[in-house]
Amino acid sequence: MSVDTMKRLYELKNIAGVKDAYREHDAGDAARAAMGDDFNQLFGEDITALGFMAHGGHGCISVTSNVAPRLCAEFQAAC
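Caption draft 1: Geometry of the sheet that holds strand S3 (residues 59-60). In spatial order, the strands read S1-S2-S3; together these three strands make up an open sheet with parallel pairing. If you trace the sheet from one side to the other, it starts and ends with strand S1 (17-20) and S3, each paired once.

In structure tokens, the structure reads:
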């Protein structure tokens, strides 16, 4: 989904953010720049979750949390 489409959708009252699952952080950076820090970005790609969080992401919808929930929760809290 393009950043322009996300921006138009974010203007609707019933949309609070997006779940992204990409390996490049450029798209997430562009979305945050276009919509601001209040735009809720959740990540869905465990392998690059740390980088996503370091770039300002808000959390992870994690597959790994199904087998290691405590570790994933501690990771999110540390971020």
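Here the narrative resumes, following the displayed structure.
Caption draft 2: The arrangement of the confidence of the model for the protein in detail. In this model, the protein carries an average pLDDT of 85, and 92% of its residues clear a pLDDT of 70 or more. Within the protein, the element-level pLDDT minimum falls on helix H2 (residues 26-35), averaging 78, and the maximum on helix H4 (residues 69-78), averaging 94.

Caption draft 3: Geometry of the pairing of S1. Only one face of S1 is buried: it carries Val18 and Asp20, and the other face, with Gly17 and Lys19, is open. The sheet contact formed by S1 and strand S2 (residues 40-43) spans four bridges and is parallel. Across the sheet, the residue bridging to Lys19 is Leu42, located in S2.

Caption draft 4: The packing of aromatic side chains, seen in detail. Enumeration over the complete set of coordinates arrives at two aromatic pairs. A centroid spacing of 4.8 Å and a plane angle of 85° characterise the contact between Tyr10 and Phe39, whose relative ring orientation is edge-to-face. A residue pair is termed long-range when its members are at least 10 positions apart, and Tyr10 in helix H1 (residues 3-10) and Phe39 in the loop between H2 and S2 qualify at 29 residues. Taking relative accessible area as the criterion, Phe39 reaches 1% and is therefore assigned buried.

What counts and what doesn't
Residues numbered from 1 in each chain as written. Predicted model: local features only at pLDDT ≥ 70, side-chain atom pairs only at ≥ 80, totals over all residues. Heavy atoms only, no water. Pairing = 2+ DSSP bridges. Helix = DSSP H or I, 4+ residues; strand = E, 2+ residues; numbered from the N terminus. pLDDT = per-residue confidence, 0-100. Buried < 20%, exposed > 50% of the residue type's maximum accessible area, 1.4 Å probe, protein only. Phe/Tyr/Trp six-rings, centres within 6.5 Å; stacked < 30°, edge-to-face > 60°.

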